[in-house]
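# Overview (structure and organization)
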Amino acid sequence: MALLKHFLFTTIIIALVTCYGTLQEEDPPATSIYVDDGGTFMSLINILSYLGATSHSLKVVNVNDFGAKGNGCADDTEAFNKAWEVVCSSGEAILVVPEENYVLRPIRFSGPCKPNIAVQISGTLKASDDPSEYSEDSRHWLVFDSIQKLFVHGGGTINGNGNIWWQNSCKRNKKRPCKDAPTALTFYNCEDLVVENLTIEDGQQIQVSFQDSLNVKVSGLNVTAPEDSPNTDGIHVTNTQNIQISSSVIGTGDDCISIVHGSRNVEAIDITCGPGHGISIGSLGAGKSKEFVSGVIVNRAKISGTKNGVRIKTWQGGSGSARNIQFQNIEMDNVTNPIIINQNYCDKKKKPCKKGKSAVQIKNVLYQNITGTSATDIAVKFDCSENFPCQEIVMQNIDLQCERVDDDAKALCENVEVSYLGHVNPRCNSERETMESGDLPLPHEKIHDMYDL
Ligand SMILES: *[C@@H]1O[C@H](CO)[C@@H](O)[C@H](O)[C@H]1NC(C)=O
Ligand SMILES: *[C@@H]1O[C@H](CO)[C@@H](O)[C@H](O)[C@H]1NC(C)=O
Ligand SMILES: *[C@@H]1O[C@H](CO)[C@@H](O)[C@H](O)[C@H]1NC(C)=O
Ligand SMILES: *[C@@H]1O[C@H](CO)[C@@H](O)[C@H](O)[C@H]1NC(C)=O
């Protein structure tokens, strides 16, 4: 992240010093095309600086010039493919999607490309909802694949048109076989990626996925799907390192944010979450797999009406670890399980879960400054493994109350080593677990060095 930040700052400074003058003097076509599409002067500066381009060298590629109709009806896929080829082979280029309505079949915007590419989505991209058009790759709709220095922004909307997939889901219709539906927007194998100011709605399954990527900055996303849409995780992070997700509003039928195997240095700041299943690390260790997640910070979140608040879930029989995790400054509003670790996760059909010999180790988790209400009387649930108890769990300044005034909030704790700092309510109640440890060295200091955000 430090690298990315450095990169952004230097390019902004260089651009402000070098491009600003150029822009004042000349009015090249690139500038005017961009401004016509509803951009502001400030965001033009942003793009130029991100791309390290001067106004002369920035190539503007408008999908309408490649035959896109944008009438909400015609299939615009070929026009987008052609425009992408030009953008990718040019570098220092911006793909412009004006404020119109485009209909797209699955598209893979593939690299490697010449570096420095922006995609400005001002209009609406709507998915074709004919499943037969997804026969080549039934798991993805829009994919950005193997691109370095990519900047996607524009205030537009990406609509997965997911209704047909939700209807056919085995969760809605028990007679149907369980099949995965497409992820609406995937960033795969990207590096130095910025995604800013977009609405993603009604994805077929996962709304946005960051996979196998490095140095990612995401902000200003509005991610929505109906509360009853199946498996519609908002933002999914898998095998991605150094990713910051900030100032985003997420409400779907599944996790607002899910962070799974291979993810390291993940920061989520200023997240508004709900409805949905909350912010989740895992599941990890399914099918006896060995999986790792480390260095997660969730700071300043407002979580409302969700099934979980902040959750870590792992399967019995897996191995690996989830460690160095901080949840801080979180406001819960009527959340069913505000704080939950479930190390005994298993398939609903197979309950009660069979105890495995191994488990994914959960270690060094800080819960700090968490307040608000729980929809049930169990506000804190640490359901940890007998053979691999949860270690170094620290709770500091926690005040969770029951939404119903006549109940006291409780904590359910199994096989967990917890220490408390400041006021903590509720607490685990066994003797060992309630030991005060005010002078316990906080094991979390390292996490800050890892970030340098
Ligand atoms: C994204 O939106 C924010 C807040 O409205 C704005 O300050 C920022 O300039 C926008 N970014 C781009 C690239 O348009
Ligand atoms: C997010 O998008 C939804 C659906 O398009 C819209 O109703 C809502 O107003 C948006 N919220 C924000 C905060 O932009
Ligand atoms: C709180 O959540 C519960 C269960 O999800 C729901 O039945 C109840 O209406 C909610 N209460 C408020 C005040 O929103
Ligand atoms: C926790 O909350 C207190 C009081 O609101 C605040 O002063 C402190 O900075 C918060 N801690 C963190 C780590 O943000």
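No experiment lies behind these values; they were computed from the predicted model shown.

Along the chain, the regular secondary structure elements total six helices and 28 strands. The buried share of the chain, reckoned over its 453 residues, is 50%. For the chain, the share of sequence-separated contacts (at least 6 apart) that also reach a separation of at least 24 residues comes to 74%.

Another aspect to go through is the site of ligand 4. In the vicinity of ligand 4, the contacting residues are Q328, N329, Q368, N369 and N397. At the level of secondary structure, the elements contributing two or more residues to the shell around ligand 4 comprise β22 (319-335) and β24 (361-374). A per-class count over the shell around ligand 4 returns no nonpolar, five polar and no charged.

Per the UniProt annotation, the sites labelled "active site" (unreviewed entry) are H277. When you line up the elements, H277 lands in the loop between β18 (263-273) and β19 (279-284). Those residues in contact with H277, other than ones at most four positions away along the chain, are D254, D255, T306, K307 and N308.

Our focus in this paragraph is the sheet that holds strand β23 (residues 337-345). Picture the strands of a sheet paired through backbone hydrogen bonds; they go either parallel or antiparallel. Overall, parallel pairing links the eleven strands, which are arranged β5-β8-β11-β13-β15-β17-β19-β21-β23-β25-β27 in an open sheet. With partners counted over all chains shown, the strands left at the sheet margins are β5 (107-110) and β27 (410-414), one partner each. Taking the axes of each pair of neighbouring strands and ignoring which way they run, one obtains an average angle of 15 degrees across the sheet. Where strand β8 (residues 140-145) meets strand β11 (residues 183-188), five bridges bridge the pair, whose relative direction is parallel. Paired with V143 across the bridge in β11 is T186.

Our focus in this paragraph is unusual backbone geometry. Each neighbour pair has its own omega, and for G274 with P275 the value is 0 degrees, a cis peptide bond. By the secondary structure assignment, P275 is in the loop between β18 and β19. Phi is positive for S146, close to 60 degrees, though the residue is something other than glycine. Looking at the element boundaries, S146 is found in the loop between β8 and β9 (148-153). Exposure remark for S146: the 17 C-beta atoms within 10 Å place this residue in the partly exposed category. Phi at N415 is positive, roughly 55 degrees, even though this residue is not glycine. Mapping N415 onto the fold places it in the loop between β27 and β28 (416-425).

Time to look at helix α4 (residues 77-90). With 14 residues, α4 extends 20 Å between its outermost C-alpha atoms, agreeing within 8% with the 20 Å of an ideal straight helix rising 1.5 Å per residue. Among all positions in α4, only A79, F80, A83, W84 and V87 are buried. Buried residues of α4, seen end-on, are gathered within an arc of 130 degrees and therefore sit on one face of the element. The first or second residue beyond α4 is G91, which carries a positive phi of 70 degrees.

Okay, the confidence of the model for the chain next. Close inspection of predicted coordinates is inappropriate in any region flagged by low pLDDT. In this model, the chain carries a mean pLDDT of 86, and residues with pLDDT of at least 70 account for 82%. In this model, residues 431-453 is a region of pLDDT below 50 whose contacts with residues beyond four sequence positions or in other chains number 33 contacts.

Rules and cut-offs
- Residues numbered from 1 in each chain as written.
- Chains lettered and ligands numbered in written order.
- Predicted model: local features only at pLDDT ≥ 70, side-chain atom pairs only at ≥ 80, totals over all residues.
- Helix = DSSP H or I, 4+ residues; strand = E, 2+ residues; numbered from the N terminus.
- Buried ≥ 20, exposed ≤ 12 C-beta atoms within 10 Å, placed from the backbone.
- Contact = placed C-beta atoms within 7 Å.
- Near = placed C-beta within 6 Å.
- Nonpolar A, V, L, I, M, F, W, Y, C, P; charged D, E, K, R; others polar.
- UniProt positions renumbered as here; feature names shortened; annotations may be inferred.
- Pairing = 2+ DSSP bridges.
- Axes fitted to C-alpha atoms, helices over the stretch in contact; angles between N-to-C directions.
- Expected span 1.5 Å × (residues − 1).
- Arc of directions from axis to C-beta.
- pLDDT = per-residue confidence, 0-100.

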